[in-house]
Amino acid sequence: MTFIQKLSAAWQERHSQLCIGLDPDLAKFPAHLRGKNDAILTFCKEIIDATADTACAFKPQIAYFAALRAEEQLEDICTYLREKYPQIPIVLDAKRGDIGATAEQYAREAFERYGADAVTVNPYMGFDSVQPYLERPDRGVIVLCRTSNAGGSDLQFLNADGKPIYQHVADLVANKWNTNGQCGLVVGATFPNELAQVRAIAGDMPLLIPGIGAQGGDVKATVEAGRTKAGTGMMINSSRAILYAQPDEKAGENFAQAARRVALETRDAINRHCN
């Protein structure tokens, strides 16, 4: 099953367009996990088990693991997801962008070492920097387009031949690079007007949409701008708001139960606006 097929099945079978980011921050971990050698693996596995039925994808952010020398724990997490939840796509958030020979090594890292179903990439160096990922037609290639950070406008909103750079990227990916039907685009929830314009350019291509939750993006505006005519087409990502949700002490919640509560609330908020 290709990434696109797996994602489409997850949308339908799980009734969810919520993507849960895995961004381990030891300073925010529960006290009982701090100082343990396998704290990251344990934390992420408990989050996954508590929220898997609410998600259409999981998105580990590689920098959070690499900075803590926890790449082996990331491998174990990806293995755990593939074995216990094989129906849920793994999107490795790496945002790689480099010349062809180096890009080939990054592609091997994402798809062979971690076994990811899809990876995020940076298009700034052009087609040959993305081509090694596209040579694996069963894997997804999700290209940065209009990002959720304020500084994204420094380059992405520059005018070129009458339209902003991010629209050129959307058109290039949709109409030239997506020959195997494996591509998606990263478009932030913090810019719903631009999100709607990307959707118009990209057709039914999947959009990975960060920026709700801790970054403040509005769910209703995001869904209305990003959904396809069928009411799908989105992986709306939330990381910190779910991972580090405050447990309800009166209800006796632990960190994983709090994460589940917020994930359910977020999924249901998305679903209310999908039709």
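As the structure is a prediction and not an experimental result, all values here were calculated from the model.

Colleague: Could you give an account of the pattern of salt bridges, naming the residues involved and the relevant values?
Modeller: A full pass over the atoms with the stated rule returns 15 salt bridges. The partner of Lys-84 in a salt bridge is Asp-49, and the shortest N-O contact between them spans 3.4 Å. Of this pair, Lys-84 sits in helix α4 (residues 71-84) while Asp-49 sits in helix α2 (residues 39-51), placing them 35 residues apart in sequence. For Lys-84, a relative accessible area of 45% puts it in the partly exposed group. Residue Asp-49 is classed as partly exposed on the basis of its relative accessible area, which comes to 34%.

Colleague: Break down the packing of aromatic side chains for me, with residues and values.
Modeller: Scanning the model with the defined rule gives 7 aromatic pairs in all. Aromatic side chains Phe-43 and Phe-255 sit 5.1 Å apart centroid to centroid with 10 degrees between the ring planes, which places their arrangement in the stacked category. Taken together, the residues Phe-43 in helix α2 and Phe-255 in helix α12 (residues 255-272) connect sequence positions 212 residues apart. Pair check on accessibility: Phe-43 and Phe-255 agree, each one buried. Here the aromatic rings of Phe-111 and Tyr-133 are separated by 6.4 Å at their centres, their planes lie at 85 degrees, and the arrangement is edge-to-face. Here the residue Phe-111 occupies a position in helix α5 (residues 100-113), and Tyr-133 occupies one in helix α6 (residues 127-134), the gap between them amounting to 22 residues. The same class applies to Phe-111 as to Tyr-133, namely buried. Between the NZ or CZ atom of Arg-146 and the centre of the ring of Phe-191, over which it lies, the distance is 3.9 Å.

Scoring rules and cut-offs
- Along each chain, the written sequence defines residue order, and numbers are assigned to residues from 1.
- Restriction of local features to residues with pLDDT of at least 70 applies here, the model being predicted, together with a cutoff of 80 or more for giving and counting side-chain atom pairs; totals for whole chains, interfaces and linings are based on all residues.
- Values reported for side chains reflect all heavy atoms of the structure, with hydrogen atoms and water molecules removed beforehand.
- The working definition used for a salt bridge is a side-chain nitrogen of Lys or Arg within 4 Å of a carboxyl oxygen of Asp or Glu.
- Helix and strand definitions follow DSSP, with helices as H or I runs of at least four residues and strands as E runs of at least two, each counted in order from the N terminus.
- Burial classes: relative accessible area under 20% of the type maximum marks a residue as buried, over 50% as exposed, and values in between as partly exposed (1.4 Å probe, protein chains only).
- When two rings of Phe, Tyr or Trp (its six-membered ring) have centres within 6.5 Å they constitute a pair, described as stacked for plane angles under 30 degrees, edge-to-face for angles over 60, and tilted for the intermediate range.
- Cation placement over rings: the criterion is NZ of Lys or CZ of Arg within 6 Å of the ring centroid and within 35° of the ring normal.

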